[in-house]
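Chain by chain, the residues:
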Amino acid sequence: MKSDNKLKNKDLLSIADLEKEEIDLIFTVTKDLKKDKNQKLLPGKILAMIFQKLSTRTRVSFEAGISQLGGNAIFLSSKEIQLKRGETVEDTARVLSRYVDGIVLRTYEHKEVVRLASAATVPVINGLTDLLHPCQVLSDLYTILEKKGKLGGLKVVFLGDGGNNLSHSWLFGAARTGMNLVISSPSPYWPDKKLMSQAKAIVEKQGAGSIEIDQNAARAVAMADVIYTDVWTSMGQEQEQEERKKIFQKYQVNSELMSKAKSDAIFMHCLPAHRNEEVTDDVLDGKQSVVLDEAENRLHVQKAIMYLLMG
Ligand code: CP
Ligand code: NVA
């Protein structure tokens with residue numbers, strides 16, 4: 001498993017940086033780790049986790065994951081470390097690299113994780129920035145693979161805020177795996193233009209999959225295999241909440257919208273959800289919803305990532 005591991009000592013900041021074969025390798029290891037969760041593949045390894053935003057799933061799945069692998073996590077709330085008093089990201093990276101074997105960062109500006117990774121001598125994992133959330137979408141892709149048996153050729157529709165960290169990561173998740181992605185969102189909230197062209201270039205190079213935007217939610221979900229949504233107001237945008245509730249109302253995933261997709265379509269949401277805003281209770285708790293499997297797979301996929309990067 002390790003001999004052809006090109007991920008060793010690398011960072012994981014964006015799915016754009018992963019080759020298709022590397023994603024396949026992550027999923028092969030994930031499957032094995034999910035079958036037997038007590039394989040101590042990282043004995044004594046230490047993971048530092050710097051979190052500048054709140055988290056339930058990312059924090060707990062990384063902490064539980066490194067423990068199951070035989071290592072330890074050190075959780076560093078940004079309020080309690082010297083970063084808060086102005087120590088630079090680079091100095092923090094260089095010092096932590098002398099103590100630990102890997103660093104997870106959850107922060108606001110994406111450039112912070114890029115700076116951390118450039119200065120650190122141990123692997124850095126993006127635990128969510130305003131721009132991207134790669135570990136989430138890798139776990140989503142693994143969940144789809146479990147449910148549908150394949151990724152290439154499936155149609156996934158992302159509804160709501162087309163310019164957030166999840167929709168952006170979906171651009172690369174779909175592009176790398178040959179899925180047909182439709183982002184259904186009002187025009188001021190379309191994806192970042194640079195990321196969109198980067199993702200389209202990957203699709204072209206690989207010769208499979210597609211990326212489209214369709215402002216009409218009902219039309220977008222026709223023949224969809226996967227319906228995906230996320231909160232309309234991401235962390236850091238709280239002051240826009242009321243305005244966003246009005247703007248995105250047409251993109252709410254409810255049973256009427258679900259009925260326009262394929263009858264065996266699955267519903268996905270990274271969670272936490274704002275119930276009865278972007279998704280109604282009946283859909284979130286309904287039989288097409290796979291949100292808890294998706295959340296569980298954060299654990300297994302991130303264990304595989306840690307093993308491949310830090311092992
Ligand atoms: N999906 C996700 O990243 O959840 P948390 O914000 O709880 O970590
Ligand atoms: N887009 C959401 C994802 C939370 C996991 C946010 O950034 O708040």
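In the block above lies the structure referred to throughout.
The rules behind each value
Residues numbered from 1 in each chain as written. Chains lettered and ligands numbered in written order. Predicted model: local features only at pLDDT ≥ 70, side-chain atom pairs only at ≥ 80, totals over all residues. Heavy atoms only, no water. Near = heavy atom within 4 Å. Polar contact = N/O pair within 3.5 Å; in protein donor to acceptor, adjacent residues only side chain to side chain. Areas by Shrake-Rupley, 256 points an atom, 1.4 Å probe, with all protein chains shown as cover. Nonpolar A, V, L, I, M, F, W, Y, C, P; charged D, E, K, R; others polar. Helix = DSSP H or I, 4+ residues; strand = E, 2+ residues; numbered from the N terminus. Expected span 1.5 Å × (residues − 1). Bend = angle between axes of the 7 residues up to and from the residue. Buried < 20%, exposed > 50% of the residue type's maximum accessible area, 1.4 Å probe, protein only. Contact = heavy atoms within 4.5 Å. Core = buried A, V, L, I, M, F, W, Y, C linked by side-chain atoms within 4.5 Å. Pairing = 2+ DSSP bridges. Axes fitted to C-alpha atoms, helices over the stretch in contact; angles between N-to-C directions.

Participant: When you look at the site of ligand 1 in this model, what are you seeing that I'm missing?
Facilitator: Within the structure, ligand 1 sits among Ser55, Thr56, Arg57, Thr58, Arg106, His133, Gln136, Cys270, Leu271 and Arg298. One of the backbone N or O atoms of Thr56 is found 2.7 Å from an oxygen atom in ligand 1. Leu271 has a polar backbone atom sitting 2.8 Å from a nitrogen atom of ligand 1. Look at ligand 1: alone it shows 260 Å² of surface, and the protein chains cover 95% of it. In terms of residue class, the shell around ligand 1 is built from 2 nonpolar, 5 polar and 3 charged.

Participant: Please clarify how helix 12 (residues 291-310) should be interpreted in this entry.
Facilitator: An α-helical segment advances 3.6 residues per turn. Residues three or four places apart therefore align on the same side. Here helix 12 spans 28 Å end to end across 20 residues, near enough to the 28 Å set by a 1.5 Å rise per residue. Along helix 12, the sharpest kink reaches roughly 30°, centred on Asn297. Here helix 12 lies mainly inside the structure; 16 of its 20 residues are buried.

Participant: Explain helix 6 (residues 165-177) to me, please; I cannot follow it from the model alone.
Facilitator: With 13 residues, helix 6 should cover 18 Å at 1.5 Å per step; its first-to-last C-alpha distance of 18 Å lies within 8% of that length. Burial within helix 6 is extensive, with 13 of its 13 residues counted as buried. Backbone geometry just after helix 6 places Gly178 at a positive phi near 75°.

Participant: Hey, could you run me through the environment of Glu112 in this one?
Facilitator: With respect to the secondary-structure elements, Glu112 resides in helix 4 (residues 110-119). Taking relative accessible area as the criterion, Glu112 reaches 17% and is therefore assigned buried. Through-space distance from the C-alpha of Glu112 to that of Glu90 is 9.3 Å; in sequence the pair is 22 residues apart. The contact partners of Glu112, leaving out residues within four places of it in the chain, are Val89, Leu105 and Thr107.

Participant: So what exactly am I meant to see when it comes to the environment of Glu63 here?
Facilitator: Looking at the secondary structure, you find Glu63 in helix 2 (residues 57-68). Each C-alpha atom, one on Glu63 and one on Lys246, is 37 Å from the other, the two residues being 183 residues apart in sequence. Setting aside residues no more than four positions away along its own chain, Glu63 makes contact with Met49, Ala73 and Phe75.

Participant: Mind showing me how you'd approach the nonpolar core here?
Facilitator: One broad trend across soluble globular proteins is that nonpolar side chains are buried collectively. Counting 60 residues, the largest nonpolar core has Ile26, Leu138 and Trp170 as the members making the most contacts within it. A total of 8 residues in this core trace back to one element, the largest contributor, which is helix 12. Setting aside its immediate chain neighbours within four residues, Ile26 contacts Leu7, Leu18, Leu138, Val301, Ala304, Ile305 and Leu308. If you look at the next biggest cluster of nonpolar residues, it comprises 23 residues, including Val157, Phe267, Val279 and Leu284.

Participant: Teacher, can you tell me more about the site of ligand 2 here?
Facilitator: Every residue lining ligand 2 is accounted for by Leu128, Asn164, Asn165, Leu166, Asp230, Val231, Ser234, Met235 and Leu271. Between ligand 2 and the protein, one listed contact pairs a nitrogen atom with a side-chain N or O atom of Asn165 at 2.8 Å. Between a nitrogen atom of ligand 2 and a side-chain N or O atom of Ser234, the distance comes to 2.7 Å. A total of 270 Å² of accessible area belongs to ligand 2 in isolation, and the protein chains cover 94% of it.

Participant: Is there a simple way to think about the sheet that holds strand 8 (residues 226-229) in this case?
Facilitator: Adjacent strands of a sheet form backbone hydrogen bonds with each other and so pair up, either parallel or antiparallel. Pairing in this open sheet of 5 strands is parallel, and the strands run 7-6-5-8-9 from one edge to the other. The sheet is open, and its two edges are formed by strand 7 (210-213) and strand 9 (266-269), each paired on a single side. On average, adjacent strands in this sheet sit at an angle of 20° to one another, irrespective of strand direction. The sheet contact formed by strand 5 (residues 155-159) and strand 8 spans 4 bridges and is parallel. The residue bridging Val157 from the neighbouring strand is Ile227, located in strand 8. Taken strand by strand, helix 12 contacts strand 8 and strand 9, and its axis lies near 50° from that of strand 9.

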